[in-house]
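Notes for the structure review
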Amino acid sequence: MILNDKEFVASSDVTIISPKDGHVINEAEGLFLKVIFEKQTKEQFAYGFKISNSRLKDIKIDVPTVDGHINWNYMNEIRQAYLESTIALTETTNNQNAMAINLNSRIWSLVRLGDIANVYSGSDLPKTDRFTGEIPFIGSSSRNNGLTDFVKKVDGQPKKFARNVISVNRNGSVGYAFYHPYEAYFSGDTSQEIQDMWFLKIWH
């Protein structure tokens with residue numbers, strides 16, 4: 001979800017939300033509500049069960065109220081308190097971690113991903129061919145670190161088990177990436193070979 005304070009044209013795939021009481025949302029209130037909406041929609045909707053206007057109208061959201069009306073002032077107070085605590089934390093962190101690396105002091109370069117990493121595809125494993133186990137099965141979900149099932153190794157299955165790798169969804173929730181320090185099976189919807197895309201930044 002995106003908070004937009006400028007005039008725009010929305011496609012048919014976008015739903016616009018505005019208060020029925022005529023209140024004009026400011027930045028603090030918009031960001032407050034954005035977090036609430038995203039939490040609710042990410043828990044209920046995913047690839048294969050998309051958001052529609054009718055479904056969106058039926059979701060239940062927790063909003064601060066006073067005397068039966070939305071408490072817009074509370075949202076502004078929460079935002080201000082957050083900003084003040086963030087500033088205080090930043091000042092404390094900078095003072096206590098003199099040895100921390102300042103990323104702005106590093107030199108960053110564009111490199112080709114294929115030059116610094118081995119990139120390979122996962123392999124499809126239909127549910128009918130899976131055996132329930134304790135090894136995470138990584139699909140193309142945007143939730144739960146991509147984990148969609150648990151399987152066990154069986155002779156004859158594709159050898160698509162790995163650990164300490166990053167998966168990238170190429171179907172479903174395209175583009176989501178997750179780090180897996182544990183051994184997992186990677187489906188055909190995850191990972192893909194990237195040959196001519198210069199986009200990764202590294203520092204030295």
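A brief look at the structure comes next. Everything quoted here is computed from the prediction, not taken from an experiment.

The next subject is the overall build of the protein. Per the secondary structure count, the protein includes four helices and 10 strands. Along the protein, from the amino end to the carboxyl end, the secondary structure elements read α-α-β-β-α-β-α-β-β-β-β-β-β-β. Summed over all atoms, the accessible surface of the protein reaches about 15,200 Å², with 52% contributed by carbon and sulfur.

A few words on the sheet that holds strand 5 (residues 147-151). On the basis of which strands lie adjacent, the open sheet formed by four strands has the order 5-4-9-6 and mixed pairing. Every other strand in the sheet has two partners, leaving strand 5 and strand 6 (161-162) as the edge strands with one partner each.

In this section: the environment of K160. Mapped onto the secondary structure, K160 falls in the loop between strand 5 and strand 6. When the C-alpha atoms of K160 and L125 are compared, they prove to be 9.8 Å apart, with 35 residues separating the residues in sequence. For K160, the contacting residues outside a window of four places in its chain are S121, G122, S123, A184, Y185 and F186. Side-chain polar atoms of K160 contact the backbone oxygen of S121, separated by 3.0 Å.

Our focus in this paragraph is the side chain of S140. Structurally, S140 can be placed in the loop between strand 4 (132-138) and strand 5. A relative accessible area of 14% places S140 in the buried class. If we ignore the near neighbours within four places in the chain, the residues touching S140 are N169, N171, G172, S173, D189 and T190.

A few words now on the pattern of salt bridges. Tallied over the entire structure, the rule returns two salt bridges. Across the pair D149 and R130 runs a salt bridge, and its minimum N-O distance is 3.0 Å. Placement of the pair is D149 in strand 5 and R130 in the loop between helix 4 (113-116) and strand 4, with a sequence separation of 19 residues. Its relative accessible area of 25% is what places D149 among the partly exposed residues. Across the salt bridge formed by E183 and K153, the nearest N and O atoms sit 2.7 Å from each other. On the criterion of sequence distance, the pair formed by E183 in the loop between strand 8 (177-180) and strand 9 (184-186) and K153 in the loop between strand 5 and strand 6 is long-range, its members being 30 residues apart. Classification of K153 by relative accessible area gives partly exposed; the value is 49%.

Cut-offs applied
- Residues numbered from 1 in each chain as written.
- Predicted model: local features only at pLDDT ≥ 70, side-chain atom pairs only at ≥ 80, totals over all residues.
- Heavy atoms only, no water.
- Helix = DSSP H or I, 4+ residues; strand = E, 2+ residues; numbered from the N terminus.
- Areas by Shrake-Rupley, 256 points an atom, 1.4 Å probe, with all protein chains shown as cover.
- Pairing = 2+ DSSP bridges.
- Contact = heavy atoms within 4.5 Å.
- Polar contact = N/O pair within 3.5 Å; in protein donor to acceptor, adjacent residues only side chain to side chain.
- Buried < 20%, exposed > 50% of the residue type's maximum accessible area, 1.4 Å probe, protein only.
- Salt bridge = Lys/Arg side-chain N within 4 Å of Asp/Glu carboxyl O.

Treat this as a map of the structure, not an account of what it does.
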